[in-house]
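# Tertiary structure, described
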Amino acid sequence: MSKNITPYKDSELGKKEQVAQMFDNISGNYDGLNKVISFGTDAKWKQKILKMVTASQPKSILDIATGTGDLAILFASTTAEEIIGLDISQGMLDIGKKKIQAQHLDSKIQMVLGDGENIPYADNYFDVITVAYGVRNFENLEKGLSEILRTLKPGGQFIILETSVPTKFPFKQGYAFHSKVILPLIGKLFSKDKTAYTYLSNSANEFPFGEVLNNILRKTGFIDVKHLPQTFGVATIYHASKK
Ligand SMILES: C[S@@+](CC[C@H](N)C(=O)[O-])C[C@H]1O[C@@H](n2cnc3c(N)ncnc32)[C@H](O)[C@@H]1O
């Protein structure tokens, strides 16, 4: 497993409380910085996820770690009658709710304050569960994944979008410069929370990816696990199902 990296070195709070506090702090400019940091590629990766989800004609979708709700909002174009965005940061949810209201999607999408490692829904409930850049922030990855397996319907789809680390020259070196120099600098200059982007970068560098994460998913009980590296491997989409 990866080292348990937390946002604030000197805090006595647990990782989950620190993560919620950090995202509350950066919620105001999260969307803007996310676009800059990913050079707009994040929106393309999310469109790929939308395609996968649309094809399965789901009735119910849970987007864990929904943050400001971008994936949940995209899912409004699918057949789903129930779309839940779940997050532990009220600050991120509040920004998402404003975006949902502005697009008149309040009747389709519910933004719920809650923990992806203790999902407040019944067993076998959702046709699709997604998590974008959320699993690496979990306090206990295995607990979160077992909760996802519990609440996913048999035959349902589980999709993760997560950062990963390119392994080939020159992308490996370019990525190291971006994550170790550019990302913390952008955070220091533009974010209200000076250490947040250093945490996000360190956690991205330590988190298991590719076959290692696939094996964790299989060990949890997921089936048909596969991964699709994106843009030279700077992010990866994982796809899995339940027996
Ligand atoms: C990097 S943001 C990603 C937001 C959004 N999914 C996106 O693609 O932009 C990570 C989000 O995960 C949330 N989060 C972290 N741990 C969580 C948990 N255990 N349960 C639910 N949300 C969690 C944070 O509050 C934060 O909003």
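Anything mentioned here points back to the structure above.
Each chain has its residues counted from 1, following the order in which its sequence is written. Two thresholds apply to this predicted model, a pLDDT of at least 70 for residue-level local features and 80 or more for giving and counting side-chain atom pairs, whereas whole-chain, interface and lining totals are computed over all residues. Side-chain metrics rest on all non-hydrogen atoms present in the structure, leaving aside hydrogens and water.

Here we come to the nonpolar core. We call a set of buried Ala, Val, Leu, Ile, Met, Phe, Trp, Tyr and Cys residues a nonpolar core when their side-chain atoms join them within 4.5 Å. Burial classification: accessible surface area is computed with a 1.4 Å probe over protein chains only, and a residue below 20% of its type maximum counts as buried, one above 50% as exposed, and the rest as partly exposed. Counting residues in each nonpolar core, the largest one holds 40 residues, and the members touching the most others are Ile109 and Tyr197. Sorting elements by how many residues they give to this core places helix H1 (residues 15–37) first, with 7 residues. Any two residues whose heavy atoms approach within 4.5 Å are treated as being in contact. Setting aside chain neighbours within four positions, we find Ile109 in contact with Ala72, Ile73, Ala76, Ile83 and Ile100. Listed in part, the 27 residues of the second largest apolar core include Leu149, Ile216, Phe222 and Tyr238. Numbering of helices and strands runs from the N terminus; a helix is a DSSP stretch of H or I covering at least four residues, while a strand is a stretch of E covering at least two.

Pro170 follows Phe169 through a cis peptide bond whose omega is 0°. Relative to the helices and strands, Pro170 resides in the loop between strand E5 (152–163) and helix H6 (171–190). Of note, the phi angle at Ala65 is positive, near 60°, even though the residue is not glycine. With relative accessibility at 26%, the residue Ala65 sits in the partly exposed group. Although it is not a glycine, Tyr133 adopts a positive phi angle of roughly 50°. Following the sequence through the fold, Tyr133 ends up in the loop between strand E4 (126–132) and helix H5 (141–151). Of the residues examined, Tyr133 reaches a relative accessible area of 15% and is grouped as buried.

Quick look at a nonpolar patch on the surface now. A cluster of nonpolar residues, Leu185, Leu189 and Phe190, forms a patch on the protein surface that exposes about 330 Å² of accessible area. Relative to the helices and strands, Leu185 is located in helix H6. Classification of Leu185 by relative accessible area gives partly exposed; the value is 46%. Patch criteria: residues need more than 30% relative accessible area and no salt bridge. Like-charged residues are merged within 9 Å; nonpolar side chains of Val, Leu, Ile, Met, Phe, Trp and Tyr are merged within 5 Å. Only the protein chains shown count as cover for residues, with accessible areas throughout obtained via the Shrake-Rupley method and a probe of 1.4 Å. The working definition used for a salt bridge is a side-chain nitrogen of Lys or Arg within 4 Å of a carboxyl oxygen of Asp or Glu.

Right, let's talk about helix H4 (residues 90–102) for a bit. Expected helix span is given by 1.5 Å per residue-to-residue step, counting one fewer step than there are residues. With 13 residues, H4 extends 18 Å from end C-alpha to end C-alpha; this agrees with the ideal 18 Å at 1.5 Å per step. Listed in full, the buried residues belonging to H4 are Gly91, Met92, Leu93, Gly96 and Ile100. Residues of H4 that are buried in the fold lie against H1, helix H3 (70–74), strand E2 (82–87) and strand E3 (109–113). The first or second residue beyond H4 is His104, which carries a positive phi of 55°.

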